[in-house]
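Chain residues, written in single-letter form:
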Amino acid sequence: MLNILADGLMPLVDDLFAPLGTLQRFEGRQPTPAQLAQAEVLLVRSVTQVDAALLTQAPKLRFIGSATIGTDHLDIKAIEEKGLFWTAAPGCNADAVADYVLSAVLNWQTMTGRDLPALTVGIVGVGNIGSRLSRRLNVLGVKVLCCDPPKGEPGFITLAQMLPQVDVLTLHVPGGQGTRHMIGATELAAMKPGALLINSCRGSVVDNAALLAWLEAGAGQAVLDVFATEPDFDRRLLDLGLWLTPHIAGHSIEGKRRGTWMLYEALCQKLGQVPQGRFEDQLPRAPVESISGIELAVRRLGNLVFDIRDDDAWFRAGLKAGRTFDELRRSYPKRREWGSLKAGSLEDGARLWDLASH
Ligand SMILES: NC(=O)c1ccc[n+]([C@@H]2O[C@H](COP(=O)([O-])OP(=O)(O)OC[C@H]3O[C@@H](n4cnc5c(N)ncnc54)[C@H](O)[C@@H]3O)[C@@H](O)[C@H]2O)c1
Ligand SMILES: O=C(O)[C@H](O)[C@H](O)COP(=O)(O)O
């Protein structure tokens, strides 16, 4: 039997992986040396650094799976040098992050009294998340500008061209050396006065010192789900940031379960086995709502599913009560995705589906 070691907070692991081997769960960010010594399959989330130090403690390891989109916590060079198989879960929680950003944009727009059609949103990184977000904003009539030099699609612009034009700049690039501090003092200074910066990709993408200076000067506002250092983030941001959350933008029920399911499929394929069941059967039943009017529906249902302001209040209250970043992440009440909603009116249902689909 395969020895499978999995993060204690990954959902569905017992149901899907127990039939494939002997399952052990680990708590906290890193597994213990004793657990690693036996592991043949390791299933992690973004909080576990799979680096050379971990690999030397895991001599039996053959398969590494991360139930995440980002892979910057995996030392891929070290993993491949050891000839180990690794996989992640591209796109698994992309809808959840798009929902998160849409909630931030809509609530900021209401707060600042701007009209939706007068708003210009700049998306940096137009992959799984950025393209879903772009589609949602287009359906709502918001002007969207896109920047993604590696994709180089017609109509896309450079970051330097984008900065002075947008009311909201939202970042969706991978973490790692290639994007480290891509938003620094120069980029922030080039943004419109009073603009909103949303970072829900990786903290390293924004230069924290430059961000603090920009916010202190009152030059703009920031919504942050990720931080330069986690879990010990810079507490000055609590005063300076508009809405802050503890790296939960992707924590929807669908997104988390999809991540585990994708690793299950990958391991089955490696073992030459057929996956049992279907992903759709692993989800709770969808909520049903009756709605009328697309704009009202988007606001009401959007905030019904996920309201970033509630999560900001929950995060701040938790910190005040002495709870840590990681404790709060562990107890985060998982939410549904917009796409899980079923609409009561056919016409609005079709448009909502259009908004949430990909
Ligand atoms: N906060 C969260 O909970 C959460 C959840 C999921 C993903 N993420 C982060 O979001 C990132 C993006 O996710 P995704 O699913 O859209 O990934 P993706 O790989 O589908 O898309 C990333 C896009 O960024 C582009 N890109 C790369 N370098 C760039 C650069 N210098 N300038 C502009 N564009 C660049 C790529 O060409 C690609 O199209 C992930 O890598 C992960 O770090 C965060
Ligand atoms: O890259 C990702 O998918 C996210 O950063 C991920 O959703 C964070 O969630 P966790 O790793 O804590 O499950």
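Predicted model, so just to flag it, every value in this text is computed and none were measured. (Residues numbered from 1 in each chain as written. Chains lettered and ligands numbered in written order. Predicted model: local features only at pLDDT ≥ 70, side-chain atom pairs only at ≥ 80, totals over all residues.)

Enquirer: Looking at this model, I keep getting lost on the overall build of the chain. Mind explaining?
Expert: Looking only at helices and strands, one finds 15 helices and 13 strands in the chain. Going through the 358 residues of the chain one by one, you find that 42% of them count as buried. Taking all contacts inside the chain whose residues are at least 6 apart in sequence as the whole, residues at least 24 apart take part in 66%. (Helix = DSSP H or I, 4+ residues; strand = E, 2+ residues; numbered from the N terminus. Buried ≥ 20, exposed ≤ 12 C-beta atoms within 10 Å, placed from the backbone. Contact = placed C-beta atoms within 7 Å.)

Enquirer: Which parts of the structure should I look at to understand the confidence of the model for the chain?
Expert: Where the model shows low pLDDT, its predicted coordinates should not be examined in detail. When the pLDDT values of the chain are averaged, the result is 92; 89% of them are 70 or greater. This complex was scored by the predictor with a pTM of 0.90 and an ipTM of 0.99. (pLDDT = per-residue confidence, 0-100.)

Enquirer: Looking at this structure, how should I read helix H9 (residues 208-216)?
Expert: Side chains that are three or four residues apart share a direction in an α-helix, a result of its 3.6 residues per turn. Listing the buried residues of H9 in full gives Leu211, Trp214 and Leu215. For H9, the angular spread of buried residues about the axis comes to 95°, placing them on one side. Tucked inside the fold, the buried residues of H9 contact helix H8 (185-189), strand E10 (220-224) and helix H10 (236-240). Of the residues flanking the end of H9, it is glycine 218, one or two places downstream, whose phi is positive at about 70°. (Arc of directions from axis to C-beta.)

Enquirer: Mind showing me how you'd approach the site of ligand 1 here?
Expert: Residues in contact with ligand 1 amount to 33 residues; listed here are only the nearest, Gly70, Gly125, Gly127, Asn128 and Gly250. Here the shell around ligand 1 gets 3 residues from one element, more than from any other, and that element is helix H6 (residues 128-139). Among the residues making up the shell around ligand 1, the classes are represented as 15 nonpolar, 14 polar and 4 charged. (Near = placed C-beta within 6 Å. Nonpolar A, V, L, I, M, F, W, Y, C, P; charged D, E, K, R; others polar.)

Enquirer: Which parts of the structure should I look at to understand the UniProt feature "binding site: substrate" (unreviewed entry) in the chain?
Expert: This chain's UniProt record puts "binding site: substrate" (unreviewed entry) on Ser46 and Thr68. Sequence-wise these annotated residues cover 23 residues; spatially they are packed, their C-alpha atoms never more than 6.4 Å apart. Those residues within four positions of threonine 68 in sequence are excluded, and the remaining contacts are Arg45, Ser46, Ala88, Ala89 and Gly259. (UniProt positions renumbered as here; feature names shortened; annotations may be inferred.)

Enquirer: Teacher, can you tell me more about helix H11 (residues 253-271) here?
Expert: The terminal C-alpha atoms of H11 lie 27 Å apart, and with 19 residues this matches the ideal 27 Å at 1.5 Å per residue to within 8%. Summarising the contacts, the buried residues of H11 are in contact with helix H1 (13-17), strand E3 (41-44), strand E4 (63-66), strand E5 (85-87) and helix H5 (94-112). Of the residues one or two after H11, glycine 272 is the one with positive phi, at around 70°. (Expected span 1.5 Å × (residues − 1).)

Enquirer: Teacher, can you tell me more about the packing of H5 against H6 here?
Expert: Between two packed helices, both the angle of their axes relative to each other and the distance between the axes serve to describe the pair. It is the contact of H5 with H6, at a shortest axis distance of 8 Å, that shows an interaxial angle of 50°. Compared by their axis directions, H5 and H6 come out oblique. For the pair H5 and H6, the crossing hand works out as right-handed. Here Ala94, Asp95, Val97, Ala98, Val101 and Leu102 of H5 come into contact with H6, specifically with Asn128, Ile129, Arg132, Leu133 and Arg136. By residue class, the composition of the contact of H5 with H6 is 7 nonpolar, 1 polar and 3 charged. (Axes fitted to C-alpha atoms, helices over the stretch in contact; angles between N-to-C directions. Parallel < 35°, antiparallel > 145°, perpendicular 65-115°, else oblique. Left-handed = near helix turned anticlockwise from the far one by under 90°.)

Enquirer: What is the right way to look at the site of ligand 2 in this model?
Expert: Taken together, Arg45, Ser46, Val47, Thr68, Ile69, Gly70, Asn93, His247 and Gly250 make up all the residues around ligand 2. Grouping the constituent residues of the shell around ligand 2 by class yields 2 nonpolar, 6 polar and 1 charged.

Enquirer: Just checking my understanding: could you explain the sheet that holds E4 for this structure?
Expert: Strands in a sheet are paired, the pairing made by backbone hydrogen bonds, and the direction either parallel or antiparallel. With respect to topology, 5 strands assemble into an open sheet ordered E2-E1-E3-E4-E5, the strand pairing being parallel. Strand pairing shows two members of the sheet lacking a second neighbour, strand E2 (21-26) and E5, which therefore form its edges. Looking at each pair of strands side by side, their axes are set apart by 15° on average, direction ignored. Where E3 and E4 come together, 4 bridges link them in parallel fashion. Counted as the bridge partner of valine 41 is phenylalanine 63 from E4. (Pairing = 2+ DSSP bridges.)

Enquirer: What am I meant to see in the nonpolar core here?
Expert: Note on soluble globular proteins: their nonpolar side chains tend to be buried together. Among the nonpolar cores identified, the biggest contains 92 residues, and Leu42, Leu43, Val101, Ala104, Val121, Val168 and Val223 are the most heavily contacted of them. Residue contributions to this core peak at 11 residues, all from H5. Residues within four places of valine 168 in sequence aside, it is in contact with Val105, Leu119, Val121, Gly122, Ala195, Leu196 and Ile198. (Core = buried A, V, L, I, M, F, W, Y, C linked by C-beta atoms within 7 Å.)

Enquirer: Got a minute to help me understand unusual backbone geometry in this structure?
Expert: The bulk of non-glycine residues show a negative phi, and the bulk of peptide bonds are trans. With an omega of 5°, the peptide bond running from glutamate 230 to proline 231 counts as cis. Summarising the element assignment, proline 231 is placed in the loop between E10 and H10. The phi dihedral of histidine 181 is positive, around 55°, even though this residue is not glycine. Here histidine 181 is to be found in the loop between strand E8 (168-171) and H8. One non-glycine residue, histidine 247, lies in the positive phi region at around 55°. In this fold, histidine 247 is placed in the loop between strand E11 (243-244) and H11. With 23 C-beta atoms packed within 10 Å, histidine 247 lands in the buried category.

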